[in-house]
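Okay, here's what each chain looks like letter by letter:
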Amino acid sequence: MSGQSNNRLSKTSKPDSRIEPALGSPRPGTAGDGLRTPLLYLNVCIIATCGLIYELLAGTLASYVLGDSVTQFSLIIGIYLSAMGVGAWLSGFLIAEKLARRFVDIELGVALIGGLSAVLLFMSFAHLDWFRVALFGLVAVIGILVGLELPLLMRILKQNVDFKDLVARALTFDYLGALVASIVFPLLFVPKLGLVRTSLFFGACNAGVALWGTYLLRPIIRGSLTGLRVKAVFVLVLLTVAFIKADRLTSLAEDGLFDDAIVYAKTSRHQRIVVTRQARGFRLYLNGGLQFNSADEYRYHEALVHPAMVLADQPRRILVLGGGDGLAVREVLRHDSVESVTLVDLDEAITDAAQQLPLFTQLNQNALADPRVTIINQDAMVWLQENEMLPFDVAIVDFPDPTSFSLGKLYTRRFYRVLASRMAPNAPIAVQSTSPLYTRTSFWCIVRTIEESGYVARPYQTSVPSFGIWGFVLARATPFEVPTDVPEGLRFLTPSSVLPMFSFPADIARVPTEINRLNDQHLVRYYENEWRGWQ
Amino acid sequence: MSVSRRELLNAFLGLPAALAACRHASNRSPAMPAGEIAFRREVIGHRLRDQPPIEPLAGRWENATVVIVGAGIAGLAAAWRLFRAGLEDFVILELDATPGGTSRSASASAGGGYPWGAHYITVPMKESRAVLALLSEMSVLEGFDSDGEPIVAEQHLCRDPQERVFYRGYWYEDLYLYAGASAEDTRQRKAFDAEVGRLAEWRDSRGRRAFAMPSSRSSDDAEILALDRMTMAQWMDGKGFTSPRLRWYVEYGCRDDYGLRMTDTSAWAGLFYHVARVTKAGSDYQPVITWPEGNGRLVAHLSRVAGKRLRLGRAVVDIRHRKGDSPDNQPIASGYSGRPIDPGGTIEVIALTHGGRDAAGIRAKNVIFAAPHFLTPHLIRDYRSARPAHVDEFDYGSWMVANLTLRDRPLGRGFPLAWDNVLYDSPSLGYVVSTHQRGLDHGPTIITYYYPLLASDSRAARSRLLQAGWAEWAEVALSDLERAHPDIRALTERIDIARWGHAMIRPRPGFITGQARKAALLPHRGIHFAHSDLSGISLFEEAFDHGVRAAEEVLVARSIAHESMR
């Protein structure tokens, strides 16, 4: 992490040094000189750039978090422009004598609020309802402040310049700044700096303009300059420190945690759900753990689902445990014999997203909207133990890896025994069983536990690039031959590719393990130790 | 922050906790959750103690072969044993509206039981025959291994993680605080374990364990009995066990099972807590069997067996012998003294119902007195007229138990929520989580918080217990838990408080091997005694053993053929 942050810092110094000479070399004249109007036009340009950047930032963030970028951008632009109008109108109320002082103050306000806007918005991610309030409020405040800037500056300049020229030049530089912003934001700043540092950088620019303004506007600032300069330096230092510490801030907001742009984030009662987008598809993370990558999830889900479905021979009642993303259900529904699918996933936030977010519904082919599918948002173990149900013909067990005791219980002998009691005679189950490569003992612990629960277990493995080598268990009460048929229309499995999955090369071959029991969850401890070894 | 609250917290939690609570007082909402004192046994108990006797009307008499007084574990066990032997003409009279005594439980309106007291048993070893028979009957056992030791069905064993301890802002796995232990701490812990292991493998000339469960199966060898003449603290000192965290661990055991400090606990009892749970040197402590409602599961099963014979809300006020009756019991020899016992004649048991306004009588051939022994001079006429000296040797601890209904799981740093959650720097014993054993790891739950009053003077402790009302005890529980869970107040929807005035017998040095306990065990003219206090150890296994013993004494007296389960 620290290496990365150094890289980022060294990159940021370039634009800084490029701007410095241009702005810094023509020092303001000594007392008694008039205002250096050309330099003030440069201010206009910078202010305009910053203003548009904040608008773009808010729009980008909104579409990341809320999805549907057209709506979000339209809303943000609308609110921002109308707020600017309010700001322009308010500028008329400012007293002429204090204009220069107010300009510096407002500039500092923009610097602070605009500069920290991305951080604030990322931090308010967790609560979506609150996020909208924060987002629109922030956009309105920034809009008002930015709306105040230009009229104020024009009122200041009016004393030195002919009005006709003033409007023409000020607007020229304003639009020029907007052009700069619209080019550098997507091409330079977002890819190089990320959203948080971009906003901090432009906040610092605003603060720089304010500080510089205390020199440029000195002739017309009444009273002491010290207070203003102290404030300006304070804001500048604050934003600079934030810029340097941005990694910590972003990791608070998880921006640093994920390589790719976050397109959806929600903290449900049970877990943190994050969806990121990349060049090839998108990824779902639960509590920071990758659940699937849309680019290669078909390998995982075809391998998980079809061997059990084929082994069952025309199964009608299917139980899917975990897998609220609907991807396993999509594979289940390829089999025409299926009459009902019961999906049990603890988290309604996942099953809701899988039914509502276009990213999901495209990928799972709207599987959860199929009339045969019933969704139950309960802990699978509690649900299996405490409810009456007809026996199932196949169970697809697709829980997150056993990273905690509450997940680990879903891999215990007791769990598999309860599951067995809910299955039709000799009905097969397929279980996602972690990686036999990264977490070899954990994988074989699951295999042994299933065997000790009254099943004949046949472990198998395949490669899912996003995960690495991944393991599964196919099991039923009596010994069986691995079925090699596969349904039509698959992207990965073919009749000849099924059997090879059931062989285990030397580095992932069986190791002796304990049984994972409810009262002694060896698996959770194995898993934790094994992952630690890879980190 | 009122001074009285600080004084309250200082008195019950100690000064650091009181100061910490007061520091954070400003940023807390003053509103307390709902709740009440859950049951007030002491109210009716004291009223009965003080009111003049009432005689049942002529039509309010009935007959039964055996009357069992008290439907705690001992009384229910006696009923279970009689029923198994085919003696079905018995009645159990219980003061409370709920059976179970300190093993009672309750059920939340949203579903899901929670305990009000005892909440686990350890997996019995093969010598605990009666308990094993009970667990088999309840399908808790799946069978026995090749050594004859029971195999318990996985779902009845405490789910992992079982225990964690909170120390200086962080939760750690296990009860013993391993984190930050020095080399000397570790050495002493190992030496302690070795001592426990040595005693676990110790056998007397008759092959008995030094400390067996039930304790009646333990050796009476002088070397072992001598441990009852010193305190656990003296034993620790003698072995050079000075490690603070080891002493905390051992003291926790004393507080947990006996409501006593190490300096007041018999070393025999202090060691029993550890050694009776270990099969052999080096092996883990016997696993814990538990249910969401604690030992309420056992109570419910035993109550079902008793069926309609179990009568609740009956306050026994008098147990007397009918004058001029010729004894029709067989004389029996006490297993403890070998002396023949006066079998007594017809025994009349008078109980009040409907809040004390209505009296009913039962004429019985035998009585099993399965209430705490301190009640004998109040209820048994012979004991009232000539109070036996041994009664005053029985010393009981006071406990406060709070059930907190939480709308969600509390925040805490470090090791995740376990079944048993203990605060290192607290006079409380921490809390157990009722939803743990159901496998519910998210959302609302009920936690049961235990607070023993450790004062050596049990009368003073009892008056402290009863002087503090609901608001005071709720405040103590919240302030204590708040140190580990800053959000506990906001999450707590209600707190219900139980004040157990005579929660459990306290095994001070000399009590277990003393004459008083032996005398109390002797039947008195057809009245047989059963209660865990007769062991000096307040455990399910002890209460059960005494219930079975008293029932078998009655079976002998009634000449009913049976094979002893003990």
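Rules of the game
- Residues numbered from 1 in each chain as written.
- Chains lettered and ligands numbered in written order.
- Predicted model: local features only at pLDDT ≥ 70, side-chain atom pairs only at ≥ 80, totals over all residues.
- Heavy atoms only, no water.
- Pairing = 2+ DSSP bridges.
- Helix = DSSP H or I, 4+ residues; strand = E, 2+ residues; numbered from the N terminus.
- Axes fitted to C-alpha atoms, helices over the stretch in contact; angles between N-to-C directions.
- Contact = heavy atoms within 4.5 Å.
- Parallel < 35°, antiparallel > 145°, perpendicular 65-115°, else oblique.
- Left-handed = near helix turned anticlockwise from the far one by under 90°.
- Nonpolar A, V, L, I, M, F, W, Y, C, P; charged D, E, K, R; others polar.
- Buried < 20%, exposed > 50% of the residue type's maximum accessible area, 1.4 Å probe, protein only.
- Buried area = accessible area lost by both parts, 1.4 Å probe.
- Salt bridge = Lys/Arg side-chain N within 4 Å of Asp/Glu carboxyl O.
- Polar contact = N/O pair within 3.5 Å; in protein donor to acceptor, adjacent residues only side chain to side chain.
- Domains from an automatic or database assignment.

Overview of the sheet that holds strand β11 (residues 468-476) of chain A
All names here are of chain A.
Okay, step 1: In space, the 7 strands of this open sheet follow the order β7-β6-β5-β8-β9-β11-β10, with mixed pairing throughout. Every other strand in the sheet has two partners, leaving β7 (373-376) and β10 (456-464) as the edge strands with one partner each. The mean angle between the axes of side-by-side strands here comes to 15 degrees, regardless of whether they run parallel or antiparallel.
Okay, step 2: Here strand β6 (residues 340-344) runs beside β7; their pairing, made up of 4 bridges, is parallel. Within β7, the residue paired with leucine 343 across the bridge is isoleucine 375.
Okay, step 3: The strands touched by helix α10 (residues 297-312) within the sheet are β5 (317-322), β8 (394-398), β9 (429-432), β10 and β11, with β8 carrying the most contacts at an inclination of about 160 degrees.

Section: the packing of helix α4 (residues 99-115) of chain A against helix α8 (residues 226-244) of chain A
All names here are of chain A.
Okay, step 1: Look at α4 against α8: their axes get within 10 Å of each other, and the N-to-C directions meet at 15 degrees. Regarding the angle of α4 to α8, the classification is roughly parallel. Regarding α4 and α8, the two cross each other, and that crossing is left-handed. Note on element contacts: α8 touches α4 through Leu228, Lys231, Ala232, Val235, Leu238 and Leu239, opposite Arg101, Val104, Asp105, Leu108, Ala111, Leu112 and Gly115.
Okay, step 2: Looking at side-chain class alone, the contact of α4 with α8 contains 9 nonpolar, 1 polar and 3 charged residues.

Focus on the pairing of strand β16 (residues 358-369) of chain B
For a regular strand, the rule is simple: side chains alternate between the two faces of the sheet.
Residues and elements named next belong to chain B.
Okay, step 1: Where burial is concerned, most of β16 is hidden: 9 out of the 12 residues are buried.
Okay, step 2: Bridge count for strand β1 (residues 61-69) against β16 is 8 bridges, and the pairing is parallel. Bridge pairing links alanine 64 to alanine 364 in β16.
Okay, step 3: Of the strand pairs in this sheet, strand β15 (residues 347-353) and β16 are connected by 7 bridges, and their pairing is antiparallel. Within β16, the position partnered with isoleucine 347 by the bridge is alanine 364.
Okay, step 4: Relative to strand β22 (residues 527-529), β16 runs parallel, the two sharing 3 bridges. From the neighbouring strand, valine 367 faces β22, where its bridge partner is isoleucine 527.

Some remarks on the interface of chain B and chain A
Okay, step 1: Each partner contributes to the interface: chain B provides 17 residues, whereas chain A provides 21 residues.
Okay, step 2: Buried area between chain B and chain A, summed over both chains or domains, comes out near 1600 Å², and the portion from carbon and sulfur atoms is 47%.
Okay, step 3: It is B:Glu154, B:Asp160 and B:His442 that lose the most area in chain B upon contact with chain A, and together they represent 41% of the buried surface on that side.
Okay, step 4: Where chain B touches chain A, the interface holds 6 salt bridges.
Okay, step 5: Notably, a salt bridge pairs A:Glu386 with B:Arg438, separated by 2.8 Å at the nearest N-O pair.
Okay, step 6: The tally of links from chain B across to chain A stands at 12 residue pairs in polar contact (both at pLDDT 80 or more).
Okay, step 7: For the side of chain B that touches chain A, the residue count by class is 6 nonpolar, 4 polar and 7 charged.

Thoughts on the domain arrangement of chain A
Okay, step 1: Here chain A is partitioned into domain 1 (35-252), domain 2 (261-290) and domain 3 (293-534).
Okay, step 2: Placing a centre on the C-alpha atoms of domain 1 of chain A and another on those of domain 3 of chain A gives a separation of 52 Å.

What to know about unusual backbone geometry
Okay, step 1: In this structure, B:Pro161 follows B:Asp160 across a cis peptide bond, with omega equal to 0 degrees.
Okay, step 2: For B:Pro161, the location among the structural elements is in the loop between β7 (150-152) and β8 (163-167).
Okay, step 3: Of the consecutive residues B:Met213 and B:Pro214, the connecting peptide bond is found in the cis state with omega at 0 degrees.
Okay, step 4: Of note, B:Pro214 is situated in the loop between α6 (183-201) and α7 (222-225).
Okay, step 5: At A:Gln314, a position not held by glycine, the phi torsion is positive, near 55 degrees.
Okay, step 6: Looking at the secondary structure, you find A:Gln314 in the loop between α10 and β5.
Okay, step 7: Positive phi, close to 45 degrees, is recorded for B:Arg525, a residue that is not glycine.

Thoughts on the domain arrangement of chain B
Residues and elements named next belong to chain B.
Okay, step 1: Split into domains, chain B comes out as domain 1 (3-31 + 396-505), domain 2 (43-104 + 295-394 + 511-557) and domain 3 (184-286).
Okay, step 2: The interface is formed by 7 residues belonging to domain 1 together with 14 residues belonging to domain 2.
Okay, step 3: For domain 1, the biggest contributors to the area lost against domain 2 are Tyr396, Trp500 and Ile505; these three give 71% of the whole.
Okay, step 4: In this assembly, domain 1 and domain 2 are joined by 0 salt bridges.
Okay, step 5: If you look at where domain 1 meets domain 2, you find 3 residue pairs in polar contact (both at pLDDT 80 or more).

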